[in-house]
Amino acid sequence: MDRLIEGHKKFLARVFPRRRKEFHLLADSQAPECLFITCSDSRIVPDLILGTGPGDLFITRNAGNVVPIAGNDVDGCTATIEYAVEVLKVKHAILCGHSDCGAMKAALDRRGLEALPKASRWLQHVEAAFSHRQPLKAAEGPNAELASLIRGNVVAQLKNLCAQPSVARAKSEGRLAVHGWYYDILTGRIERYDERLRRFLPLVTEK
Ligand SMILES: [Zn+2]
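Residues numbered from 1 in each chain as written. Predicted model: local features only at pLDDT ≥ 70, side-chain atom pairs only at ≥ 80, totals over all residues. Heavy atoms only, no water.

Undergrad: For this particular structure, what's the right way to read the overall build of the protein?
TA: Per the secondary structure count, the protein includes 8 helices and 6 strands. Sequence-ordered secondary structure for the protein, helices as α and strands as β, is α-α-β-α-β-α-β-α-α-α-α-β-β-β. By the compact-globule yardstick of 17 Å for 207 residues, the protein fits well, its C-alpha radius of gyration being 18 Å. Reported as C-alpha extents along the three principal axes, the dimensions of the protein are approximately 50 × 45 × 45 Å. If you take every contact in the protein between residues at least 6 apart in sequence, the share linking residues at least 24 apart comes to 61%. In the form shown here, the protein has an accessible surface area of approximately 12,600 Å², with 55% of it arising from carbon and sulfur atoms. Distance from the positive charge centre (30 side chains) to the negative charge centre (24 side chains) of the protein: 3 Å. (Helix = DSSP H or I, 4+ residues; strand = E, 2+ residues; numbered from the N terminus. Rg over C-alpha atoms; globule rule 2.2 N^0.38 Å. Contact = heavy atoms within 4.5 Å. Areas by Shrake-Rupley, 256 points an atom, 1.4 Å probe, with all protein chains shown as cover. Lys, Arg positive; Asp, Glu negative; His and termini not counted. Charge placed at Lys NZ, Arg CZ, Asp CG, Glu CD.)

Undergrad: What exactly am I supposed to notice about the coordination of the zinc ion here?
TA: The coordination sphere of the zinc ion, as far as protein atoms go, consists of Cys-39 (SG), His-98 (NE2) and Cys-101 (SG), spread over 2.0 to 2.3 Å. In the primary sequence, the donor residues of the zinc ion line up as C-x58-H-x2-C. Residue Cys-39 is located in strand E1 (residues 34–39), and its partner Cys-101 is located in the loop between strand E3 (92–98) and helix H5 (102–108); the two are separated by 62 residues in the primary sequence. You can call Cys-39 buried: its relative accessible area is 5%. Since its relative accessible area comes to 1%, Cys-101 is described here as buried. (Donors = N, O, S within 2.8 Å, 3.2 Å for Na, K, Ca; no water. Buried < 20%, exposed > 50% of the residue type's maximum accessible area, 1.4 Å probe, protein only.)

Undergrad: Can you help me understand the nonpolar core in this one?
TA: Counting 38 residues, the largest nonpolar core has Leu-35, Ile-81, Met-104, Leu-161 and Leu-176 as the members making the most contacts within it. Elements represented by at least two residues in this core include exactly E1, helix H4 (76–86), E3, H5, helix H7 (144–163), helix H8 (165–172) and strand E4 (177–183). If one sorts the elements of this core by residue count, H7 sits on top with 8 residues. Those residues within four positions of Met-104 in sequence are excluded, and the remaining contacts are Val-126, Ala-129, Leu-146, Leu-149, Ile-150 and Asn-153. Core analysis: the second largest hydrophobic core is formed by 9 residues, Ile-44, Leu-57, Cys-96 and Tyr-183 among them. (Core = buried A, V, L, I, M, F, W, Y, C linked by side-chain atoms within 4.5 Å.)

Undergrad: Sorry, what's going on with the side chain of Asn-65 here?
TA: Take Asn-65: it is sitting in the loop between strand E2 (57–62) and H4. Taking the relative accessible area as the measure of exposure, Asn-65 reaches 2% and is therefore buried.

Undergrad: What is the right way to read a nonpolar patch on the surface from this model?
TA: Judged by side-chain polarity, Met-1, Leu-4 and Ile-5 come together as a nonpolar surface patch covering roughly 360 Å² of accessible area. Position of Ile-5 relative to the elements: it lies in helix H1 (residues 2–18). On the basis of relative accessible area, Ile-5 is assigned to the partly exposed category, the value being 44%. (Patch = residues over 30% accessible without salt bridge, like charges linked within 9 Å, V, L, I, M, F, W, Y side chains within 5 Å. Salt bridge = Lys/Arg side-chain N within 4 Å of Asp/Glu carboxyl O.)

Undergrad: I keep staring at the layout of surface pockets and nothing clicks. Help me out?
TA: Think of a ball as big as a water molecule: rolled over the atoms, this probe shows where empty space is left. Approximately 540 Å³ is the volume found for the largest pocket. Within the residue set of the lining of the largest pocket, elements represented by two or more residues are H4, helix H6 (117–122) and H8. Each residue belonging to the lining of the largest pocket can be placed in one class, and the counts come to 7 nonpolar, 7 polar and 6 charged. (1 Å grid on protein atoms, 1.4 Å probe; cavity = no way out; pocket = protein on both sides within 12 Å on 5 of 7 lines; lining within 4 Å. Points joined across faces, edges and corners; volume = space filled by probe spheres on them. Nonpolar A, V, L, I, M, F, W, Y, C, P; charged D, E, K, R; others polar.)

Undergrad: Would you explain the sheet that holds E4 in this entry?
TA: Across a sheet, strands are paired by hydrogen bonds formed along the backbone, either parallel or antiparallel in direction. The 6 strands are arranged E2-E1-E3-E4-E5-E6 in an open sheet whose pairing can be described as mixed. The open sheet has two free edges, formed respectively by E2 and strand E6 (199–202), since each of these has just one partner strand. Pairs of neighbouring strands in the sheet enclose a mean axial angle of 30 degrees, with direction left out of account. Pairing geometry for E4 and strand E5 (residues 190–194), over 3 bridges, is antiparallel. Each bridged residue has a counterpart across the sheet, and for Trp-181 the counterpart in E5 is Arg-192. Across the sheet, H4 is in contact with E1 and E2; its angle to E2 comes to roughly 165 degrees. (Pairing = 2+ DSSP bridges. Axes fitted to C-alpha atoms, helices over the stretch in contact; angles between N-to-C directions.)

In structure tokens, the structure reads:
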């Protein structure tokens, strides 16, 4: 906790004064262009890997970057999606999974879940990942099976995202683009899911 308080002191002393004008503009409104849905994992720092800052990304996170199937149940994730699309009018919705995802590890091997009734039920949302598993990559060695499932989960959750009524409407009206990403913690690289080719490609290509 001390580290956080020290960090906040530094923010107040060094960062805030330099960016006062920016925060002043953001104090009573926001107009982010991107909704970003990702895992709660502490290693995913969107602003760090995307060069974004305050006001840029409207973010919702949960274990396994899940978008619950559209239905009558209310949850934080789908309520956030609805608000982002209908009120903030975001132009892009990005669903981002990541390597070494604990939620997906648990989906592969449910043995540790007996004492976690909530997490266990939550992970029912990722079952569809198994039917969207992506080709194994030899370069990923012993992690290949997990990585294949994690990419499959991005595809599965992307489908759930597109099935959200607000998203389906905005997409059909051409005012929203939806993206599926896989972030590799070890290399720092992001892959994007190409819907037409049905496979993941580098987001940034080497020149
Ligand atoms: Zn995760």
